[in-house]
Structures are given as structure tokens and as C-alpha cells.
Amino acid sequence: MSEAKKVLILGASGSIGTQAMEIIAGREDLEATGLAVGSDWQTAVAQARGFEVETIAVADPEAAAEARKNFSGNVLEGESAARELIGLTGPDIVLNGVVGAAGLGPTIAALTQGIDVALANKESLVIGGELVTELASATGARLLPVDSEHSALFQLIENEDDSALDRIVLTASGGPFRGRTDLEGITVEQALDHPTWAMGGRITIDSATLMNKGFEMIEAHHLFNLPYDRIGVVVHPQSIVHSLIDLKDGATLAHLGYPDMRVPIAYALTWPERAEVPVERLDLAKVGRLDFEEPDPETFRCLALAREAGESGGIAPCVLNAADEVAVASFLEGEIAFNDIPRVIEKTLDDVGSGPARDFEELFAVDEASRERTSEIISGLN
Ligand code: MG
């Protein structure tokens, strides 16, 4: 038997990370070679023991100290721990399941070393898409999408000639407020109640505002090298169709299945092979009906803001993401209203302005400046 593919998991305690570990546990051709978490050292230590992983990374220093007391292996700590772990363990593939802008550094580190990245951290492409895709093609490393829509598109597109592709269409569940035209007075509890996908706090709010779909348009633009006028969005509340492609001969191909992240995670980790994944098989008769509707970018302003930022390119998507991270955190803390999220983001985009993204240092500086500006705007509201 050939040697197992060595997988490094970043964000191992999160929803993507734990499901990835489940897939690795069931396969002899995959081996966990390192784990990184933010602060959940208990999960990391339990996983490391279960998978015989010798080195883990715990970003938070206090949590790292606890991990050391309870784990005989090596514990790296601090903000650069995930990057160090990549260098130290030399994986074949890095699964980046980090949430937010913090995921960009590890993506750069892996790609620089020519290591493939299974990308669940969409911010890597939202913030740094132009530079990240350039880096990947320079080192020959691959970006394998884990986001369900992009995995679907990747699977559909890879069997077609570039010249055959007309456009791609991302499906959106529409979130808990689908169909509403007034988003005044929405509470944190209401916004956290996603109808089809169980996910972390930030991405759930991003799904409720449709910013998540906006980020996904930007992600798709970079992954598939398509202009925004060839990227559509359709609302599909059942989340059975994960995305579609229109071909030049009039055929439309769709990728279907029950919403289950183990499918895209397994596809990215075992590509170009297909794994046996123990998910429930789709029964369309049981599903009964599939509904589709136009998105409403006037009510869900974040979708329009993301498209505009994507079209301007350069630093604009970086500003968009930074402002969104701060605004969503602030909403979850009860400091601003749900409707303030797009207002605060739009104001940040106006204030910080646009321009080219020349290098990653510049993007990190823009990210920081945008966060500061968003915080000031929020303080001005209260
Ligand atoms: Mg998605």
C-alpha cells in the first residue's frame, strides 16, 4: 500500500475540523500529522491522543500552557504557531478551517512551501484572492475548495473545457430572514437560527445577512477565474442543489445532495479520488420539491456591498471582510442592531477607500486600519 497522505488540520476543534477528523479516522490513506486550534486545548489534546499526533498548535498562550500540562507531545503557541506547525510537520495537504482573516497567514505559508490547501477559510480568497492565486500558480500548489458551493462548482467544472463554460450560479439558502423586506429589530437569537446548515457564530450571521454569499461570489471569482457578470446567485431554501453551471450549448449541470459538509471535505482531502462517505443518500421523492427565487439585494444590502467590493478589487474586499468581522462581533455582543451591520460596512468602505493590493503586508495593514475605522464608526453610533 502506498503511504498515507499527511493532512494538517487548522481549526481542528471547529465544525469543519471535527468532521475532517471523522473522515480521516475512517480512511487508511489519510493520516493526521498535526492539529492547530485557537484556544480549545481540550479538544486538540483529545484529538492528538486519538490520532497519535505528536505536535499541536494552540494560538492562545494560556490555553497552550494548559495543553502542555495535559499532553506529553509538542505544543506550539502564539499567533504564528499554525505557520510553524506547517514548516515542522511537512504535510501533503493543509486543511484550513480557521474562521476569519486569521486564516490568511497559514494559507500563504502552505502555498509558499508548495503545499496544497483544502480551503474552508473563504477569507483567504476574499481578502487576498489576487495575491493568493498568483502565489499558488507560482509554486504549483493547489487550492481545493471545501466551501460546499465551490466544491460543487469545482466538481462540475473540472470535467468541462474552459471554453464550454458560460456562467456559474451559486445557490443560497436565503438564511432565516428569506422573504422579509424589513430587517428591523432582529435579535441575536433569531439571526443565529439557520434553517439548513449548523455552523459557527460568525458564518451563521453572515448567512443571515447574505454577506456569506457575497464572500462566496468573491471566492468563486478567484477560484474559477471568472468575471462577476458570469457569477450568479439564486436563492434555494432547501439547500439540496449546491450550485450550477451553464454551458454554451444550453445545458445546465447541477450538484445535489443533502447538506452535509463531510462530502466537500472528503472530496478536497481525497481528490482526485472519490471517497466512500457514509452520508444519507439523496431521495428526491422524499424531498418532494425544490424552490428557487431571486435574491433581494435591496433588503440584504451585504450582498450588493460584496459584489461592488469584488468588482472594485484590490484592497476593497479586504476592507469589506474586516468591517464585517468587527460589525458581526459587535452585533453578537448586542452593541449594534442587525441593520447596522451593512451600514457600518458601507461607511468603512467609503472611508478607507480603494486601491490596488500590492503585497500581503499591505493587505495586513489595510485589514488592521479597516478594523480600527469600523470600531470608531460603531462607537459613533452609540
Ligand atoms: Mg458555502
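Here's a quick rundown of the structure. Bear in mind that the values here come from a model prediction, so they are computed numbers and not experimental data.

Criteria and cut-off values
Residues numbered from 1 in each chain as written. Predicted model: local features only at pLDDT ≥ 70, side-chain atom pairs only at ≥ 80, totals over all residues. Heavy atoms only, no water. Buried < 20%, exposed > 50% of the residue type's maximum accessible area, 1.4 Å probe, protein only. Helix = DSSP H or I, 4+ residues; strand = E, 2+ residues; numbered from the N terminus. Arc of directions from axis to C-beta. Contact = heavy atoms within 4.5 Å. Donors = N, O, S within 2.8 Å, 3.2 Å for Na, K, Ca; no water. Salt bridge = Lys/Arg side-chain N within 4 Å of Asp/Glu carboxyl O. Core = buried A, V, L, I, M, F, W, Y, C linked by side-chain atoms within 4.5 Å. Pairing = 2+ DSSP bridges. Axes fitted to C-alpha atoms, helices over the stretch in contact; angles between N-to-C directions. 1 Å grid on protein atoms, 1.4 Å probe; cavity = no way out; pocket = protein on both sides within 12 Å on 5 of 7 lines; lining within 4 Å. Points joined across faces, edges and corners; volume = space filled by probe spheres on them.

## Some words on helix α2 (residues 41–50)
Part 1 of the argument: Taken as a whole, α2 has its buried residues at Trp 41, Ala 44, Val 45, Gln 47 and Ala 48. All buried residues of α2 lie within an arc of 165° about the axis, which places them on one face of the element. Exposed and oriented more than 90 degrees from the buried face of α2 are Arg 49 and Gly 50.
Part 2 of the argument: If you follow the buried residues of α2, they end up packed against α1 (15–25), β2 (30–37), β3 (55–58) and α3 (61–70).
Part 3 of the argument: Phi turns positive one or two residues past the end of α2, at Glu 52, with a value near 50°.

## A few points about the coordination of the magnesium ion
Part 1 of the argument: Note on the magnesium ion: its protein donors are Asp 147 (OD), Glu 149 (OE) and Glu 216 (OE). The metal-donor distances range over 2.1 to 2.2 Å.
Part 2 of the argument: Along the chain, the residues donating to the magnesium ion are arranged with the sequence spacing D-x1-E-x66-E.
Part 3 of the argument: On the basis of relative accessible area, Asp 147 is assigned to the buried category, the value being 8%.

## Description of the pattern of salt bridges
Part 1 of the argument: In total, this model carries 26 salt bridges according to the counting rule given.
Part 2 of the argument: Its salt-bridge partner being Lys 347, residue Asp 351 comes within 3.1 Å of it at the nearest N-O pair. Of this pair, Asp 351 and Lys 347 both sit in helix α15 (residues 340–352), separated by four residues, roughly a single helical turn.
Part 3 of the argument: Where salt bridges share partners, they join Glu 123, Arg 202, Asp 206, Asp 324, Glu 325, Asp 367 and Arg 371 into one cluster.

## A short note on the environment of Asp 296
Part 1 of the argument: Within the element layout of this structure, Asp 296 appears in the loop between α12 (284–287) and α13 (301–312).
Part 2 of the argument: Residue Asp 296 is classed as partly exposed on the basis of its relative accessible area, which comes to 26%.
Part 3 of the argument: For Asp 296 and Ala 25, which are 271 residues apart along the polypeptide, the C-alpha to C-alpha distance reads 42 Å.
Part 4 of the argument: Ignoring sequence-local partners within four residues, the contact set of Asp 296 consists of Arg 180 and Thr 181.

## Some remarks on the nonpolar core
Where a protein is soluble and globular, its nonpolar side chains tend to be buried together.
Part 1 of the argument: Ranked by size, the top nonpolar core spans 125 residues in total, and within it Ile 56, Ile 168, Leu 269, Leu 320, Ile 341 and Ile 345 carry the most contacts.
Part 2 of the argument: Sort the elements by how many residues they give to this core and helix α14 (residues 316–332) lands first, with nine residues.

## Considering the sheet that holds strand β9 (residues 231–235)
Part 1 of the argument: The four strands are arranged β9-β8-β10-β11 in an open sheet whose pairing can be described as mixed. Lying at the two open borders of the sheet, with one neighbouring strand each, are β9 and β11 (252–256). Strand-to-strand twist of the sheet, defined as the mean angle between neighbouring strand axes without regard to direction, takes the value 20°.
Part 2 of the argument: Running over the sheet, helix α7 (residues 148–157) touches β8 (165–172), β10 (241–247) and β11 and is turned about 35° from β10.

## Topic: the layout of surface pockets
Part 1 of the argument: Approximately 640 Å³ is the volume found for the second largest pocket.
Part 2 of the argument: Ala 59, Glu 79, Val 98, Ala 102 and Pro 106 are, among the 27 residues lining the second largest pocket, the residues nearest its centre.
Part 3 of the argument: Secondary-structure elements contributing two or more residues to the lining of the second largest pocket are β2, α4 (81–89), α5 (104–112) and α16 (360–381).

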